[in-house]
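# Geometric and topological summary
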Amino acid sequence: MSTPLASTNLAIDVQGLNKSFGDKHVVKDFSIQVPRGRITGFLGPNGSGKTTTLRMLCGLLTPDSGTGKCLGFDIVTQSDLIKLHVGYMTQKFSLYDDLTIEENLMFMARVHGLDRRQERVKDALDRLGLYERRKQLAGKLSGGWKQRMALAATTLHEPDLLLLDEPTAGVDPQARRQFWDEIHALSAAGLTVLVSTHYMDEAERCHDIAYIAYGKLMARGTANQILTKVGLVTWQGEGPGVDRLSPEIAKLPGVEAAAPFGLTLHVSGVDAQALDAALQPYRHAPFTWTRTQPTLEDAFIHLMGQSEDNYR
Amino acid sequence: MSRAVTHDSWPTRILAVLAKEFVQLTRDRLTYAMILMIPVVQLLLFGYAINNEPRHLPTAVLVQDSSAMARSTLAAFVNTQFFDITHEAGSVEELDALLRGGRVQFALTIPGDFSRRIARGEGAQILLEADATDPSATGAAVNAAAGLPAKALNHDLPGGLAARTPQSPPFEVVVHRRYNPEGITAYNIVPGLLGVILSMTLVMMTALSVTRETERGTMESLLATPAQPIEVMIGKLAPYVMVGLLQTTVILVMSSVLFQVPMAGGWDALVLGVLLFITGSLALGFLISTVARTQLQAMQMSFFYMLPSILLSGFMFPFRGMPEWAQTIGQAIPVTHFLRVVRGSLLKGEGLETLWPSHVALGIFVCIVTALAMLRYRRTLD
Ligand SMILES: Nc1ncnc2c1ncn2[C@@H]1O[C@H](COP(=O)(O)OP(=O)(O)O)[C@@H](O)[C@H]1O
Ligand SMILES: [Mg+2]
C-alpha cells in the first residue's frame, strides 16, 4: 500500500516548529526525527514546552511556523488523518469521570469507528487487568488505575504512534513499573512511542532520549550518546557533611554543577583541569573523592544550565 | 494494513457521542431533577395564577356624585369581593397617578351627573380603568364589573324605573384596559410558557454540556479523536431533543388536565414547530458554548438570551403593542415564532397551511445558528 504511512521509516519528522502564547515563546525552532519502532523519552523540566510540542505533533495545536510530518501526514493540513493513527494520552486525565471504565472505552471504540467493538474493549480490559473494575466510575479510580485505563483508551484503535504525556506522574513506583512493562510490550509489537517524563529512571528505560529546556531541544540520542556528547567529568565526594558543601562548590570556576546525591556530592564540569583545581582545597580528610560515571541527571543539569545561559 | 478504521464511519461516531451524553445525563441527578421539575413547578405557579381569580384588589375611586345611588353602586362593586376601596381620590390627576404608580389595580370614576342621568334614563356611565399588565389578575374582576349594572340598583330604583331594568340596565360600566390593550387571555400564557421553559432549560443544558468538557479537560481527549465538529454537535444535541419532547409532553398534558387549556388541533404545525424550536434552542446553546470559556459564562449568556425571549417575544407583552424597534428584535427571536405556532395551532386549530411562515423562520434560525456554531467550534486547543 502506498500510503504516506509506509513511505518512510521516520514516525515523526518535524522542522523548525515555533509556538508562542501571547508574548511567551514556548517552543523555539524545534526539529526532531523519531524513528519507527522505538521508545523515545522526551525529557525536560516543567514548563519547558513538552506538552505544547506533543499537542502540535497530533494536531491539537497549530504551530506558528515550521513544517513536518507525523506518520507521513502533514501536521498542519492532515491532522484528521493523524488522529486516526495516533494515540495521544494527555498529561491531565481527560476521560469522563462520570462514565465507567467500560463506557469510556466503548466511547473510544465507537468514536474511532472500530469494528468488533465489544471484543476489542474486552481484550483491552483483560490486557490491562481492568476487567474486574470495568463497572467502576472513572472518577472513583486511583491515579494508577486511571493511567491504565487512559492507556487502554489510547491504544484501543491500534495506533502506530503513541504520544504519552507524563503518563506516570503521581503514580506509585509499582504501578509505574507495570506501566513501563506495558509500554515495552507495545513497543515490541511494533508501536513507536514518544513519552514525556521528568523521572530520570524512566529516561533510562527509553531507547532514545530527547532533552528539551526552555523550549529548545538541547540533546538527542541514546543515553550513552548524550553522555559522551556532553563530555562531563564527574567527581563523587564522600564523607560527613560533604553534601552540605554543594552551594559553596557550585560557585567555583570550572564547576558546572554540584548536586547532592543522598549523602554524596556529584560535582561536574566539562573542563577536567579546571574542575581538578576547584576541588583541590577539598581533597583532605574526612572527604574522599573518586571519578565516577556522570549520570543522565548530571548531564541534564549541565544542559539546563547551558540553556539558561542562552535564555538570558 | 489490517486496521479497522474507516473514514465513512460517521454514524458510529455520532452514536459514540450520543450514547456518552445520554449516560452522563442519567448520571447527573441534578440535571434530571431540573428537566422534570422546571416545567412542573413553572406550570403550577403560572397555572395557579390562571385559575385563581384574585379578589380584594386595591381600587381607587373618584366619586363626583354624592347621591345615595352612587354610594350603593360603589357598595355593589365592593360586594363582588373583587374590589377593595383603598384610596379615595380628590381629582382625576390623583386617580391617574395612583393607577400609573401601580398603587391600585383599578381606578373607578363615578361622574357628577351619574344619578341625574339614571333618573332621566339617559344612559349613565361609570369608568373602570384597569391596570391590565397582568391580564390574569384583572380578567375575572372586569367580568364581574360588567355584570353589575343589571342588578346593582334594583332595590334603589322606584317602581317605574325598576320595571325597565331587564331591557336596558340603568347604567353602563365602561372598561379601559390600560397597558395591555389586547387583553391577552389567561390561556395564552400556557402555550407561551412552553416556549419559555423549553428555551430556558434546553439552551442552558447544551451551553453547559460543551463548556463542561472544556472545564474538566475532557475536550482535549475529544479533540484528539477523529470526531468531526458536526458529529459532536449532533451527538450532543440528540439526547436533549428527547428531553425537550419529554418536557413538551409534560407541559401539554398538565395544561390540558389541570387547566383545561383547549387543544383545538393543528397537530402537524405543532409537532413540526416543537421539533424546529427544540433544535434551534439546542443549536443556540451549542453556539453559546463555543463562545463561553467557562460554565459560568455559558450560564450568564443563556440568561442574557432569556431576557428578550421573555420580554420581546409576545409572551409578556402583546407583540403588536410593542414599538417598532422591539418588534424587529422580536422577529429574530425563535420564541416569537414558536409562540405564534403554538397559539395558532393549540388555541385556534390552525395547521401548517396558515402557520408555515413561522416554521420557515424557525428553520432559518436553526440553519444560521448551526452554521455559526460550526464556524466558531474550536478544532484545536489554540
Ligand atoms: N494554552 C496556553 N496558554 C498560555 N500559556 C501556555 C498554554 N499552554 C502552555 N503554556 C505555557 O507554556 C509553557 C510550556 O508549557 P508546557 O508545554 O505545558 O510545558 P511542559 O509540558 O514541559 O511542562 C509554560 O510556561 C506554560 O505556562
Ligand atoms: Mg506538560
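Remember, it's a predicted structure, so these values are computed and weren't measured experimentally.

## Examining the environment of P226(B)
Mapped onto the elements of the fold, P226(B) is located in the loop between helix 9 (218-224) and helix 10 (229-259). Ignoring any residue separated from it by four or fewer positions in sequence, one finds P226(B) in contact with K83(A), L84(A), V111(A), H112(A), R13(B) and E231(B).

## Brief notes about the coordination of the magnesium ion (ligand 2)
Residues and elements named next belong to chain A. Binding of the magnesium ion (ligand 2) to the protein goes through T51 (OG1) and Q91 (OE1), at separations of 2.0 to 2.1 Å. Remark: Q91 occurs in the loop between strand 6 (86-89) and helix 3 (101-111) and T51 occurs in helix 1 (residues 50-57); sequence separation between them is 40 residues. Note on T51: relative accessible area 19%, which makes it buried. Residue Q91 is classed as partly exposed on the basis of its relative accessible area, which comes to 37%.

## Side note on a nonpolar patch on the surface
A grouping of W356(B), V360(B), I364(B), I368(B), L372(B) and L375(B) is seen on the molecular surface, where their side chains present a nonpolar patch of about 620 Å² in accessible area. Mapped onto the secondary structure, W356(B) falls in helix 15 (residues 352-376).

## Topic: the domain arrangement of chain B
Looking at the assigned domains, one finds that chain B contains domain 1 (57-178) and domain 2 (186-381). Inter-centroid distance (C-alpha atoms) of domain 1 of chain B to domain 2 of chain B is 45 Å.

## Quick notes on the site of ligand 1
All names here are of chain A. Around ligand 1 sit F21, K24, V26, P45, N46, G47, S48, G49, K50, T51 and T52, and that is every residue in its neighbourhood. The backbone of G47 places a nitrogen or oxygen atom 2.7 Å from an oxygen atom of ligand 1. At 2.5 Å from an oxygen atom of ligand 1 is found a side-chain nitrogen or oxygen belonging to T52. Those elements giving two or more residues to the shell around ligand 1 turn out to be strand 2 (24-35) and helix 1. In terms of residues, the shell around ligand 1 owes the most to one element, helix 1, which gives three residues. Of the residues belonging to the shell around ligand 1, the class tally is three nonpolar, six polar and two charged.

## Focus: the nonpolar core
Nonpolar side chains in soluble globular proteins tend to be buried together. Formed by 131 residues in total, the largest nonpolar core has its most connected members in I12(A), L105(A) and L163(A). Broken down by element, this core gets its largest block of residues, 13 residues, from helix 8 (residues 189-216) of chain B. L105(A) has contacts with V121(A), A124(A), L125(A), M149(A), A152(A), A153(A) and L156(A), leaving out every residue within four places of it along the chain. L74(B), F83(B), I110(B) and A141(B) belong to the second largest nonpolar core, which has 25 residues in total.

## Focus on the domain arrangement of chain A
According to the domain assignment, chain A contains domain 1 (10-226) and domain 2 (233-293). Taking the mean C-alpha position of each, domain 1 of chain A and domain 2 of chain A sit 38 Å from one another.

## Some points on helix 3 (residues 68-79) of chain B
Helical geometry note: an α-helix holds 3.6 residues per turn, so side chains three or four residues apart project in the same direction. All names here are of chain B. With 12 residues, helix 3 extends 16 Å between its outermost C-alpha atoms, agreeing within 8% with the 16 Å of an ideal straight helix rising 1.5 Å per residue. Within the span of helix 3, buried status applies to M69, A70, S72, T73, L74, A76 and F77. Note on helix 3: the residue one or two positions beyond its end, Q81, has a positive phi of about 75 degrees.

## Examining the interface of chain B and chain A
Every contact between the two is made by 34 residues of chain B and, on the other side, 39 residues of chain A. Our count for the chain B to chain A interface comes out at five salt bridges. A salt bridge links R379(B) to D80(A), with the nearest nitrogen and oxygen atoms 3.3 Å apart. Counting across the chain B and chain A interface gives 14 residue pairs in polar contact (both at pLDDT 80 or more). Considered class by class, the residues forming the side of chain B that touches chain A number 14 nonpolar, 11 polar and nine charged.

## With respect to the sheet that holds strand 5 (residues 73-74) of chain A
Residue and element names in this part refer to chain A. The strand order across the open sheet formed by four strands is 2-1-4-5, and the pairing between neighbours is antiparallel. Looking at the sheet topology across the chains shown, the edges are occupied by strand 2 and strand 5. Across two bridges, strand 4 (residues 65-70) lies against strand 5 in antiparallel orientation. Along strand 5, the bridge assignment pairs K69 with D74. In this fold helix 1 packs onto strand 1 (10-21), strand 2 and strand 4, with an angle of close to 120 degrees to the strand it touches most, strand 1.

## Some words on the environment of G123(B)
Mapping G123(B) onto the fold places it in the loop between helix 5 (114-120) and strand 4 (124-131). Separated by 47 residues in sequence, G123(B) and P170(B) have C-alpha atoms that sit 6.5 Å apart.

## Observations concerning the confidence of the model for chain B
Residues and elements named next belong to chain B. Chain-level pLDDT for chain B is 83 on average; 86% of the residues reach the 70-or-more range. Across residues 1-5 the pLDDT falls below 50, and counting only partners more than four positions away or on other chains, this stretch makes 14 contacts in the model. Segment residues 162-166: pLDDT under 50, and seven contacts once partners within four positions in sequence are set aside and those in other chains are kept. Across the predicted assembly, pTM comes out at 0.79 and ipTM at 0.87.

## So, the pairing of strand 7 (residues 161-165) of chain A
Residues and elements named next belong to chain A. Along strand 7, five of the five residues are buried, which leaves the element largely enclosed by surrounding structure. Side-chain alternation along strand 7 places L161, L163 and D165 on one buried face and L162 and L164 on a second face that is also buried. Summarising the sheet, strand 6 and strand 7 pair through four bridges and their orientation is parallel. Within strand 7, the position partnered with V86 by the bridge is L161. Taken together, the five bridges between strand 7 and strand 8 (residues 192-197) define a ladder with parallel strand orientation. Bridging from a neighbouring strand, L163 pairs with L194 of strand 8. In this view, the connection linking strand 7 to its parallel neighbour strand 8 by way of helix 6 (residues 173-188) has right-handed handedness.

## Some thoughts on the confidence of the model for chain A
Averaged over chain A, the pLDDT score is 90; the fraction of residues at 70 or greater is 96%. For chain A, per-element mean pLDDT is lowest for helix 11 (residues 296-311) of chain A, which scores 77, and highest for strand 7 of chain A, which scores 97.

## What about the pairing of strand 1 of chain A?
Successive side chains on a regular strand alternate, one facing one side of the sheet and the next facing the other. All names here are of chain A. Where strand 1 and strand 2 come together, eight bridges link them in antiparallel fashion. The partner of S20 across the bridge, within strand 2, is H25. Counting the residues between successive antiparallel strands, the hairpin from strand 1 to strand 2 contains two residues, one of them, G22, with a positive phi of roughly 60 degrees.

## A short note on the sheet that holds strand 4 of chain B
Residue and element names in this part refer to chain B. Spatial strand order, 2-1-3-4-5: five strands in an open sheet with mixed pairing. In this open sheet, the two edge strands, each paired with only one partner strand, are strand 2 (83-88) and strand 5 (171-178). Adjacent strand axes in the sheet meet at a mean angle of 30 degrees, parallel and antiparallel pairs treated alike.

Rules and cut-offs
- Residues numbered from 1 in each chain as written.
- Chains lettered and ligands numbered in written order.
- Predicted model: local features only at pLDDT ≥ 70, side-chain atom pairs only at ≥ 80, totals over all residues.
- Heavy atoms only, no water.
- Helix = DSSP H or I, 4+ residues; strand = E, 2+ residues; numbered from the N terminus.
- Contact = heavy atoms within 4.5 Å.
- Donors = N, O, S within 2.8 Å, 3.2 Å for Na, K, Ca; no water.
- Buried < 20%, exposed > 50% of the residue type's maximum accessible area, 1.4 Å probe, protein only.
- Patch = residues over 30% accessible without salt bridge, like charges linked within 9 Å, V, L, I, M, F, W, Y side chains within 5 Å.
- Areas by Shrake-Rupley, 256 points an atom, 1.4 Å probe, with all protein chains shown as cover.
- Salt bridge = Lys/Arg side-chain N within 4 Å of Asp/Glu carboxyl O.
- Domains from an automatic or database assignment.
- Near = heavy atom within 4 Å.
- Polar contact = N/O pair within 3.5 Å; in protein donor to acceptor, adjacent residues only side chain to side chain.
- Nonpolar A, V, L, I, M, F, W, Y, C, P; charged D, E, K, R; others polar.
- Core = buried A, V, L, I, M, F, W, Y, C linked by side-chain atoms within 4.5 Å.
- Expected span 1.5 Å × (residues − 1).
- Pairing = 2+ DSSP bridges.
- Axes fitted to C-alpha atoms, helices over the stretch in contact; angles between N-to-C directions.
- pLDDT = per-residue confidence, 0-100.
- Right-handed = clockwise from strand over helix to strand, strands pointing away.

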